[in-house]
Amino acid sequence: MGLAVGDYLHNGRPSLFVTNFSDEYGNLFRNDGAWIFSDVSYKSGVALPSLPYVKWGTAFFDADNDGWLDLIVVSGHVYPQVDSLPSGARYREPKVLELNQKDGTFCDASEQSGAALSIPRVSRGLAAGDLFNDGNVDLVVEDLIGEPMILKNSGVPGRHWVSFELQGTRSNRLAIGARVKMIAGGMTQTEEIRSGGSYLSQNDLRVHFGLNTATNIDSVEIRWPSGKIETLKNLDADRFYCVLEGRGIVSPEKIRPVTPASTK
């Protein structure tokens, strides 16, 4: 139903998480390289928390800016009639947040992440992005019944971050397919700009990296879809950077879409 892609292991290879129906656990497929994937759903700890629910939207995102990708899943049944059953599945279901334990496993942190995650809803779509431009990745949930839900991330004090917005010139304008590798605080993280995500949703096209306690970025390598490779060095943390293919870091105005009014 839904698909999330992310390098949760810091091995430079994006793994896959696939959502399924109730009594079918969500599949975490670890990328072992050479187009080989292993099902590590139970081994990683993500299978059991997701088992009871009809799972839809999902995303890898760094919930606490520690530099390791966490996992979120939203749920909701397809049959309202299940509410008439004496026990078992329900039409409205909660969300599941799995925190990365930095050793290939996740722990269910849903109950520790605020009451909003526990509110049963008939959820479908999920998009992740820094809505408030405060360095924390927030979530937008689209429900089949009722209004959308915005889950604001309060963040963790003392944790740093960096964000990159890319625009292609030789490559496509949105830089879809660009790969970004960042080194900071002794940690290497990789991310790719993707069109679409989750279930009928689009995540923020800006690339966000949690830095934990690091306050400086050693290097950033951008591999553009055109084949061009650019490297940025010695950047400050806790900032948004705009990068124009072939020109490096530029002001936001340089990559802002031109409207008819602005050309007069």
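See the structure above.
Values in this document were obtained by computation on a predicted structure and should not be read as measured data. (Residues numbered from 1 in each chain as written. Predicted model: local features only at pLDDT ≥ 70, side-chain atom pairs only at ≥ 80, totals over all residues. Heavy atoms only, no water.)

Chemist: Looking at this model, I keep getting lost on the overall build of the protein. Mind explaining?
Modeler: Looking only at helices and strands, the protein has three helices and 19 strands in total. In terms of overall size, the protein behaves like a compact globule, its C-alpha atoms giving a radius of gyration of 19 Å where 264 residues would be expected to give roughly 18 Å. When the backbone C-alpha atoms are referred to their principal axes, the protein occupies close to 65 × 45 × 40 Å. For the protein, the residues scored as buried account for 47% of the 264 residues in total. (Helix = DSSP H or I, 4+ residues; strand = E, 2+ residues; numbered from the N terminus. Rg over C-alpha atoms; globule rule 2.2 N^0.38 Å. Buried < 20%, exposed > 50% of the residue type's maximum accessible area, 1.4 Å probe, protein only.)

Chemist: Just to check I follow, could you spell out the pattern of salt bridges for this structure?
Modeler: Oppositely charged side chains can pair when the atoms bearing their charge come close. Tallied over the entire structure, the rule returns eight salt bridges. The partner of Arg 179 in a salt bridge is Glu 192, and the shortest N-O contact between them spans 3.2 Å. Taken together, the residues Arg 179 in strand β13 (residues 179-184) and Glu 192 in strand β14 (residues 187-192) connect sequence positions 13 residues apart. For Asp 204, the salt bridge is made with Arg 206, and the minimal N-O distance between the two is 3.0 Å. (Salt bridge = Lys/Arg side-chain N within 4 Å of Asp/Glu carboxyl O.)

Chemist: It is not clear to me how a nonpolar patch on the surface should be interpreted in this structure. Could you clarify?
Modeler: The grouping of Leu 131, Phe 132 and Ile 150 at the surface amounts to a nonpolar patch, some 290 Å² of accessible area in total. Mapping Leu 131 onto the fold places it in the loop between β9 (123-129) and β10 (138-143). By relative accessible area, Leu 131 is classed as partly exposed at 43%. (Patch = residues over 30% accessible without salt bridge, like charges linked within 9 Å, V, L, I, M, F, W, Y side chains within 5 Å. Areas by Shrake-Rupley, 256 points an atom, 1.4 Å probe, with all protein chains shown as cover.)

Chemist: Can you walk me through the sheet that holds strand β8 (residues 106-108) in this structure?
Modeler: Judged by pairing direction, the sheet is antiparallel, and its four strands sit side by side in the order β5-β6-β7-β8 without closing on themselves. Of all the strands in the sheet, the pair left with one neighbour each is β5 (55-61) and β8. Neighbour-to-neighbour, the strand axes of this sheet turn through a mean angle of 20 degrees, independent of strand direction. Pairing analysis gives three bridges linking strand β7 (residues 96-100) to β8, with the strands arranged antiparallel. (Pairing = 2+ DSSP bridges. Axes fitted to C-alpha atoms, helices over the stretch in contact; angles between N-to-C directions.)

Chemist: How should I be thinking about the packing of aromatic side chains in this particular structure?
Modeler: Here a ring pair, both rings aromatic, is described through the centre-centre distance and the interplanar angle of the planes. In total, this model carries seven aromatic pairs according to the counting rule given. Here Tyr 8 and Phe 106 contribute two aromatic rings whose centre-to-centre distance is 5.3 Å and whose plane-to-plane angle is 40 degrees, an arrangement assigned as tilted. Of the two residues, Tyr 8 sits in the loop between β1 (3-6) and β2 (15-18) while Phe 106 sits in strand β8, which places them 98 residues apart along the sequence. Overall, Tyr 8 belongs to the buried group, its relative accessible area being 1%. For Phe 106, a relative accessible area of 6% translates into the label buried. Members of the aromatic cluster, each reached through a chain of ring pairs, are Tyr 8, Phe 60 and Phe 106. Of note, Lys 152 hangs over the ring of Phe 132, and the distance from its end group to the ring centre comes to 5.1 Å. (Phe/Tyr/Trp six-rings, centres within 6.5 Å; stacked < 30°, edge-to-face > 60°. Lys NZ or Arg CZ within 6 Å of the ring centre and 35° of its normal.)

Chemist: In this structure, what is going on with the pairing of strand β6 (residues 70-75)? I would like to understand it.
Modeler: Where a strand is regular, its side chains alternate between the two sheet faces. Of all six residues in β6, six are buried; the element is thus mostly enclosed. Both faces of β6 are covered, namely the face carrying Asp 70, Ile 72 and Val 74 and the face carrying Leu 71, Val 73 and Ser 75. Of the strand pairs in this sheet, β5 and β6 are connected by five bridges, and their pairing is antiparallel. When the bridges of β6 are listed, Thr 58 appears paired with Val 73.

Chemist: Explain the nonpolar core to me, please; I cannot follow it from the model alone.
Modeler: For soluble globular proteins, nonpolar side chains are generally found buried alongside one another. Residues Phe 164, Leu 166, Ile 217 and Val 220 are the most contacted members of the largest nonpolar core, which totals 22 residues. Sorting the residues of this core by element identifies β12 (160-167), β13, β15 (207-212), β16 (216-223), β17 (229-236) and β18 (240-244) as the ones contributing at least two each. Contact partners of Leu 166, with chain neighbours within four places excluded, come to Arg 173, Leu 174, Ala 175, Ala 178, Val 180, Ile 193, Ile 222, Trp 224 and Val 243. Membership of the second largest hydrophobic core comes to 14 residues, among which are Phe 61, Ile 72, Leu 97 and Val 137. (Core = buried A, V, L, I, M, F, W, Y, C linked by side-chain atoms within 4.5 Å. Contact = heavy atoms within 4.5 Å.)

Chemist: Help me understand the sheet that holds β13, please; the structure alone is not making it clear to me.
Modeler: Strand-to-strand pairing in sheets goes through backbone hydrogen bonds, with the strands running parallel or antiparallel. Pairing is antiparallel across the open sheet formed by four strands, whose spatial order is β14-β13-β16-β17. Both edges of this open sheet fall to β14 and β17, since each of them pairs with a single strand only. The sheet shows a mean angle of 15 degrees between the axes of neighbouring strands, taken without regard to direction. Where β16 lies against β17, seven bridges are found, and the strand directions are antiparallel.

Chemist: Would you mind going over unusual backbone geometry with me for this structure?
Modeler: Glycine aside, residues mostly have negative phi angles, and peptide bonds mostly take the trans form. With phi around 60 degrees, His 10 is a residue other than glycine that occupies positive phi space. Looking at the element boundaries, His 10 is found in the loop between β1 and β2. Judged by its relative accessible area of 21%, His 10 falls in the partly exposed class. Phi is positive for Asp 23, close to 65 degrees, though the residue is something other than glycine. Structurally, the position occupied by Asp 23 is in the loop between β2 and β3 (27-33).

Treat this as a map of the structure, not an account of what it does.
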